[in-house]
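Observations on the three-dimensional arrangement
So you can see what is in the structure, the chains are spelled out below.
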Amino acid sequence: MWLNFLGDVSQSEVDILLLSTAFKFLLFPAYRSTDFEVHRNWLAITHSLPISQWYYDTTSEWTLDYPPFFAYFEKLMSIPASFIDPKIVDLQNLQYNAWTVIVFQRLTVIISELVLGAALLRFIRDSVDPSRQRILSASLFLHPGFLIIDHIHFQYNGFMFGILLWSILMACEGRKLASGILFAVLLNFKHIYMYLAPAYFVYLLRSYCMSPAGAIIATRFISLANSVLLVFLASLGPFVLMGQLPQLFSRLFPFTRGLNHAYWAPNAWALVTAADRVLLQLVKHLDVGLAVNKSGVVSTSRGLVGDTVFAVIPNIKPIHTFIITIIFQMVYLIKLWRAPTYKSFVAALTLCGYASYMFGWHVHEKAVLLVLVPLTLLASENYAYYKTFVIASVAGIFSLFPLIFTPAETPLIIIYSLIWGGTVLYPLHKQLYEFPSSLPWVLLESFENAYLYGFALLQVFVTLFPLMTGRNPDAEFLPLMATSVYCAVGLIWSFIRLSTLYITQQY
């Protein structure tokens, strides 16, 4: 059987696969974002045009802007698509939404997500505590983030995070060369994972390419360097030969976008942006002597994509976000250099992604998965890690709710997330709970719990506010702003908790 390399598959694991797949089938008619048409158009581009035109085509506004491996992946999927319905891969057939394309594209997400499922099964087989790892693996395979972003909104995050988890698994098994190769492959599927690259570079250099005494092991260094180079040549080679690297990179890195995405990702800049809005109101109503940038008065109030200009606070530039991100990452990388163990690597990897999410330029709300997925691997270490995981997960998942704004799907994702939390968080809580050791810790946990319960009130506000205001255009962005700010508080606090745990813990 093709699953033999995963070990014996239990009946409960088969049941989870079958039930989750059946549920995803029911979501086929659900809301689809513009990303659905984006990927259909990429099928058409890679099928209809020679490779030399892939990164030049502008037939649709949804131009190809993922690295070449993902383009090759689309090309592969376009072959069966052309047999099922030739209109799917017709470049001029924009906004095609026949049932054939819906079923085909939804199915490709489910099938490709098996890469994730296989990696999670292997984590269970390799674990010293399979019962806990089974909970963590199930939590990732059934994660509300993947359900919302991949199976409703529409993307292929399960597939790509599956590659990431295979890479992490190889590191866990001591197969570090394979880990580096898989991460290089992943970078050429989606370049957002380069946020994690510093942790990989330090870990592989220190633990694979160097002896414990600090001497370079030349054969290993050359093997790793050549392997990674070959991966990049396989991806970028055709475009190098055609002299198209500048065009390719211009698609991958469009620096004309603003600090915030349309809906502010709940990070440090969401709080800064909200503070600017509050200061603007104070300036309008009180004589506080602060200068106002008129172009910033409407810049961040409508959720539009573009350059973010503050009204009162000095503007943030890309170089500022880069410097802050690098400073935070350097703290974790120094610790990883000194303690290049597997657990130290996973924590540093998570924090590198977390720092990029907190302080990066034009961060998408969907990028929170870069934090939540690797953080899940740390959740069962002890109660402190578990509580950090809970706060980040609740805030991170809730922050994805605005992606799905249709009345039919909104109750579904709320109920699904509650069931997921009850079946994942409660069993881990029972196994890991530790009563606070002193009064300050009791108070801190009380505040954290109150914050978590506050999400119920936030959901009530988000639901009722538009009805109470008659969908007033002047206030339509307020529920989104409230969601972003409230979730940002939890995600920033979890970032502080995780940073403190990693820096102070011995590895």
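Further up the page is the structure itself.
Predicted model, so just to flag it, every value in this text is computed and none were measured.

Each helix and strand counted, the protein has 20 helices and zero strands in total. A compact globule built from 507 residues should have a C-alpha radius of gyration of about 23 Å, and the protein, at 23 Å, falls within 12% of that. Burial statistics for the protein: of 507 residues in total, 54% are counted as buried. Partitioning the intrachain contacts of the protein with sequence separation of at least 6 by distance along the chain shows that 77% fall at a separation of at least 24.

All told, the structure shown has 13 salt bridges when counted by the stated rule. Residue K366 pairs with E365 through a salt bridge whose shortest N-O separation is 3.9 Å. Under the relative-accessibility criterion, K366 is labelled buried at 13%. The partner of R497 in a salt bridge is E448, with the nearest N and O atoms 2.5 Å apart. Placement of R497 in helix α20 (residues 478-504) and of E448 in helix α19 (residues 439-468) is noted, with a sequence separation of 49 residues between them.

Here we come to the environment of D126. Relative to the assigned elements, D126 resides in helix α5 (residues 114-126). Separated by 43 residues in the primary sequence, D126 and L169 have C-alpha atoms spaced 8.9 Å apart. Excluding its chain neighbours within four sequence positions, the residues that come into contact with D126 are L169 and E173.

Glancing now at a nonpolar patch on the surface. Judged by side-chain polarity, I319, F322, I323, I326, I327, M330 and I334 come together as a nonpolar surface patch covering roughly 640 Å² of accessible area. You can see F322 is positioned in helix α14 (residues 318-338). By relative accessible area, which is 52% here, F322 ends up exposed.

Where helix α13 (residues 268-285) meets α20, the axes come as close as 8 Å, and the angle between the chain directions of the two elements is 130°. As summarised for this structure, α13 and α20 are arranged oblique, according to the angle between their axes. Of the two elements, α13 crosses α20, and the hand of that crossing is left-handed. Every residue of α20 that contacts α13 at A268, A270, L271, A274 and R277 is listed here: M481, S484, V485, A488, V489 and I492. Grouping the amino acids of the contact of α13 with α20 by side-chain chemistry returns nine nonpolar, one polar and one charged.

On to the packing of aromatic side chains, then. Applying the stated criterion across every chain yields a total of 39 aromatic pairs. Residues Y55 and F239 carry aromatic rings whose centres are separated by 5.3 Å and whose planes lie at 80° to one another, so their mutual orientation is edge-to-face. Pair noted here: Y55 is in the loop between α2 (34-48) and α3 (68-84) and F239 is in helix α11 (residues 218-241), with a separation of 184 residues, a long-range link. For F239, a relative accessible area of 0% puts it in the buried group. Ring plane angle 85° and centroid distance 4.9 Å describe the contact between F455 and Y486, whose orientation is recorded as edge-to-face. Here F455 is found in helix α19, whereas its partner Y486 is found in helix α20, with 31 residues between them in sequence. Grouped by ring-pair contacts, the aromatic residues F36, W42, W54, Y66, F69, F70, Y72, F73, F154, Y156, F159 and F189 constitute a single cluster.

Before going further, it helps to examine the side chain of D276. Here D276 is to be found in helix α13. Its relative accessible area of 0% is what places D276 among the buried residues. The residues contacting D276, other than those within four sequence positions of it, are F310, A311, V312 and I313.

Further remarks concern helix α15 (residues 342-359). Here α15 contains 18 residues, and its C-alpha end-to-end distance of 26 Å stays within 8% of the 26 Å for a straight helix at 1.5 Å per residue. Of all 18 residues in α15, 16 are buried; the element is thus mostly enclosed.

This part covers helix α10 (residues 197-207). Burial runs high along α10: eight of the 11 residues are buried. Residues of α10 that are buried include every one of A199, Y200, V202, Y203, L204, L205, R206 and S207, and no others. Elements in contact with the buried residues of α10: α8 (157-172), α9 (176-187), α11, α14 and α15.

With respect to the secondary-structure elements, L491 resides in helix α20. Apart from residues lying up to four places away in sequence, L491 is in contact with P266, Y354, Y357, M358, V368, A392, A395 and G396.

Turning next to unusual backbone geometry. The phi angle at Q95 is positive, at roughly 60°, despite the residue not being glycine. When you line up the elements, Q95 lands in the loop between α3 and α4 (99-112). On the basis of relative accessible area, Q95 is assigned to the exposed category, the value being 53%.

The next thing to look at is the packing of α4 against helix α7 (residues 144-153). Where α4 meets α7, the axes come as close as 9 Å, and the angle between the chain directions of the two elements is 145°. Contacts from R106, V109 and I110 of α4 reach α7 at D150, H151 and I152. Its residues assigned to classes, the contact of α4 with α7 comprises three nonpolar, one polar and two charged.

This part is about the nonpolar core. Core analysis: the largest hydrophobic core is formed by 144 residues, its most contacted members being L165 and Y193. Setting aside residues up to four positions removed in sequence, L165 forms contacts with L116, A119, L120, F123, L140, V373 and L377. The next biggest cluster of nonpolar side chains, apart from the first, holds five residues, and it includes W264, A274, F477 and A488.

Take the environment of P318 next. Position of P318 among the secondary structure elements: in helix α14. Taking the C-alpha atoms as reference points, P318 and A171, separated by 147 residues in sequence, lie 33 Å from one another.

Let's shift gears to the side chain of S494. Along the chain, the position of S494 falls in helix α20. Residue classification places S494 among the buried positions, given a relative accessible area of 0%. Among all residues touching S494, those that are not within four sequence positions of it are Y354, T388, I391 and A392.

Cut-offs applied
- Residues numbered from 1 in each chain as written.
- Predicted model: local features only at pLDDT ≥ 70, side-chain atom pairs only at ≥ 80, totals over all residues.
- Heavy atoms only, no water.
- Helix = DSSP H or I, 4+ residues; strand = E, 2+ residues; numbered from the N terminus.
- Rg over C-alpha atoms; globule rule 2.2 N^0.38 Å.
- Buried < 20%, exposed > 50% of the residue type's maximum accessible area, 1.4 Å probe, protein only.
- Contact = heavy atoms within 4.5 Å.
- Salt bridge = Lys/Arg side-chain N within 4 Å of Asp/Glu carboxyl O.
- Patch = residues over 30% accessible without salt bridge, like charges linked within 9 Å, V, L, I, M, F, W, Y side chains within 5 Å.
- Areas by Shrake-Rupley, 256 points an atom, 1.4 Å probe, with all protein chains shown as cover.
- Axes fitted to C-alpha atoms, helices over the stretch in contact; angles between N-to-C directions.
- Parallel < 35°, antiparallel > 145°, perpendicular 65-115°, else oblique.
- Left-handed = near helix turned anticlockwise from the far one by under 90°.
- Nonpolar A, V, L, I, M, F, W, Y, C, P; charged D, E, K, R; others polar.
- Phe/Tyr/Trp six-rings, centres within 6.5 Å; stacked < 30°, edge-to-face > 60°.
- Expected span 1.5 Å × (residues − 1).
- Core = buried A, V, L, I, M, F, W, Y, C linked by side-chain atoms within 4.5 Å.

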